[in-house]
Amino acid sequence: MNLELRPVADGVYATSRAELQVEVCDVVVFDMDGVLIDVRHSYPVVICRAVDQFLAENGFSGDGTAVTPEETTYFKAAGGFNSDWALAQGVALVYLVKAHMAGARQIDGLRNLSPDLATVARAAAQLGGGLDGLTRALGHWADAQDLERALNEWDRARITRLAQEFYAGDQALTVFGVTNDTISGDGLMLTEKPLVTREELLAAPFQYGLYTGRNRGEVETAFQMANLSGIFPEPAIITENTGIKKPNPAGLFRIAEALKPHLMIYAGDNLDDWQVAARYETERPLDAPPCLFCGVLNGSPGPMSFNLFQERGADLMTQSVPHLLRWLSQRRRTWAQAEAPSRS
């Protein structure tokens, strides 16, 4: 059977096998950022501002920015950076290492110092991704003494706190349980917009789950903004507060136990999401429901998304959740009509 992705509907790609399997899909699990919520003007910008602020607090100077929103996609494509806080920490570490290598703290000059961010992200991917892969990669360029000095300056908690304040602004206490001591005013979370409507979700014949790296405060804020409260059953909402983090497939196992699907689809926009579904399929017992992965395009890896998902053998890809739901609903109706004579 042909396992190559091909267009099957407007904005949807599927393998031949997945096209048949989805007829019995009754649960769709979503990531949040880049899938249900448009975060292009929030989290990527938060990363940039948090890094710049942290570097300024540590003696860096210059008119330029250390990282652009477009450059954050390199790290999303590397894998292991589902957490935007971790991504900000990673970029800050790159600059700390470069500063010790060069003996200077001028951001514009350090941007031009090899290796650039794209090269660092590719090297991190080859070494397993995430902060561990990044640290190992930086060790290939910096000597042990420079790397150790950089790590000693690397205040991950401070970078996280800055990111939270830039994101939530005056609502930081409500969203994260921290006061906004450095950043005041509106947070960048107010730039977010829904990518799917409540009506579109309720019109489709599915139950829904959510597996996200956001904490519960961030999720509730997004639910209120997008009018999605009450759509996801409580046991099928997996957030950072549950203690389960991607790419751990335990989140999908918990949702499967709660919703008892025949077959579920996990829709996500980055490689950590793909890995969640891949590990679930590898680890699930025979009596657990299967799970297909649907890569949502135009998310955090940017224009690299299609090739990244295709290279890893994704079952499905879609331009958006509404595109996916329309096609799945049509496949479900086709299956139901075919089954009707056999049940009569």
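Sequence positions are assigned chain by chain, starting from 1 and proceeding in written order. With pLDDT at 70 or above as the cut-off, local features in this predicted model cover only qualifying residues; side-chain atom pairs require 80 or more to be listed or tallied, and sums for whole chains, interfaces and linings still use all residues. Side-chain measures here rest on the full set of heavy atoms in the structure, leaving out hydrogens and waters.

K.L.:
For the packing of aromatic side chains, give the residues involved together with the corresponding values.
P.N.:
Aromatic pairs are defined between Phe, Tyr and Trp rings, using the six-membered ring for Trp, whenever the two ring centres lie within 6.5 Å; interplanar angles under 30 degrees are classed as stacked, those over 60 as edge-to-face, and all others as tilted. If you walk through the whole model with that rule in mind, you get 14 aromatic pairs. Linked through ring pairs, Phe-30, Tyr-208, Phe-223 and Phe-232 together constitute an aromatic cluster. We count a charge as sitting over a ring when the NZ of a lysine or the CZ of an arginine lies within 6 Å of the ring centre and within 35 degrees of the ring normal. The ring centre of Tyr-95 lies 5.9 Å from the NZ or CZ of Lys-98, which sits over that ring. A cation sits over an aromatic face here: Lys-246 above Tyr-211, 5.8 Å from the ring centre.

K.L.:
Lay out the environment of Pro-44 in plain terms, naming residues and giving numbers.
P.N.:
Mapped onto the elements of the fold, Pro-44 is located in helix H2 (residues 43-57). Buried means the residue's accessible area, taken with a 1.4 Å probe over protein chains only, is under 20% of the maximum for its type, while exposed means over 50%, and partly exposed covers the values in between. On the basis of relative accessibility, which here comes to 17%, the residue Pro-44 falls in the buried class. Those residues in contact with Pro-44 that lie beyond four places of it in its chain are Val-39, Pro-69 and Thr-72. Labels follow the DSSP assignment, with helices taken as runs of H or I lasting at least four residues and strands as runs of E lasting at least two, numbered in each case from the N terminus. Any two residues whose heavy atoms approach within 4.5 Å are treated as being in contact.

K.L.:
Could you give me a rundown of the sheet that holds strand S3 (residues 27-30), with the residues and numbers involved?
P.N.:
By definition, two strands form a pair when at least two bridges between them are found by DSSP. If you trace the eight strands from one edge of the open sheet to the other, you get S1-S2-S10-S9-S8-S3-S6-S7, paired in mixed fashion. Since the sheet does not close on itself, it has two edges, and those belong to strand S1 (6-9) and strand S7 (237-238), each with one partner. Sheet analysis places strand S8 (residues 264-268) next to strand S9 (residues 291-296), joined by five bridges and oriented parallel. In the strand pairing of S9, Gly-268 is matched with Gly-295. Note on geometry: axes are lines fitted to C-alpha atoms, helical ones only across the stretch in contact, with angles between N-to-C directions running from 0 to 180 degrees. Lying over the sheet, helix H14 (residues 271-283) contacts strand S6 (207-211), S8 and S9, oriented at roughly 170° with respect to S9.

K.L.:
An account of the pattern of salt bridges is needed here, citing residue identities and associated values.
P.N.:
Side chains that differ in charge, positive against negative, can pair when their charged atoms come close. Salt bridge, as used here: a side-chain nitrogen of Lys or Arg that lies within 4 Å of a carboxyl oxygen of Asp or Glu. Under the definition given, this model contains 19 salt bridges. Arg-279 serves as the salt-bridge partner of Glu-283, at 3.5 Å between the closest nitrogen and oxygen. With Glu-283 and Arg-279 both in helix H14, this residue pair falls four residues apart, about one helical turn. In this structure, a network of salt bridges that share partners links the residues Asp-31, Lys-246 and Asp-273.

K.L.:
Account for helix H12 (residues 216-226), with residues named and values stated.
P.N.:
For H12, the complete set of buried residues consists of Gly-217, Glu-218, Val-219, Ala-222, Phe-223 and Ala-226. Under the rule applied, a polar contact is a pair of N or O atoms within 3.5 Å (in protein, one hydrogen donor and one hydrogen acceptor; residues adjacent in sequence only if both atoms are side-chain atoms). Taking the backbone nitrogen of Gly-217 as reference, a side-chain oxygen 3.0 Å away marks Asn-215 as the first, capping residue of H12. Remark: Asn-227 follows H12 within two positions and exhibits a positive phi of approximately 60°.

K.L.:
Which residues make up the pairing of S1, and what values do they have?
P.N.:
Here three bridges tie S1 to strand S2 (residues 12-14), and the two strands are oriented antiparallel to one another. The partner of Ala-9 across the bridge, within S2, is Val-12. Between S1 and the antiparallel strand that follows it, S2, lie two residues; Gly-11 among them carries a positive phi value of about 75°.

K.L.:
Kindly report on the packing of helix H3 (residues 69-78) against helix H6 (residues 117-126), identifying the contributing residues and their values.
P.N.:
Two elements in contact, H3 and H6, have axes separated by 8 Å at closest approach and are oriented at 10°. The orientation of H3 relative to H6 falls into the category roughly parallel. Judged by residue contacts, Glu-71, Tyr-74, Phe-75 and Ala-78 of H3 engage Leu-117, Ala-118, Ala-121 and Ala-125 from H6. Each residue gets one label: Ala, Val, Leu, Ile, Met, Phe, Trp, Tyr, Cys and Pro are nonpolar, Asp, Glu, Lys and Arg are charged, and the others, such as Gly, are polar. Of the residues contributing to the contact of H3 with H6, the split by class is seven nonpolar, no polar and one charged. An angle below 35 degrees is treated as roughly parallel, one above 145 as roughly antiparallel, one from 65 to 115 as roughly perpendicular, and anything else as oblique.

K.L.:
An account of the side chain of Glu-165 is needed here, citing residue identities and associated values.
P.N.:
One can find Glu-165 in helix H9 (residues 156-168). Residue class for Glu-165 comes out buried when judged on its relative accessible area of 0%. Once residues lying within four places of it in the same chain are set aside, the contact partners of Glu-165 are Thr-179, Asn-180, Asp-181, Thr-182 and Ile-183.

K.L.:
Describe the environment of Glu-281, with residues and values.
P.N.:
Mapped onto the fold, Glu-281 is located in helix H14. Sequence-wise, Glu-281 and Pro-249 are 32 residues apart; in three dimensions their C-alpha atoms are separated by 8.9 Å. Leave out the neighbours within four places in its chain, and Glu-281 touches Pro-290 and Cys-291. A distance of 2.8 Å separates the side chain of Glu-281 from the side chain of Arg-284, its partner in a polar contact.

Treat this as a map of the structure, not an account of what it does.
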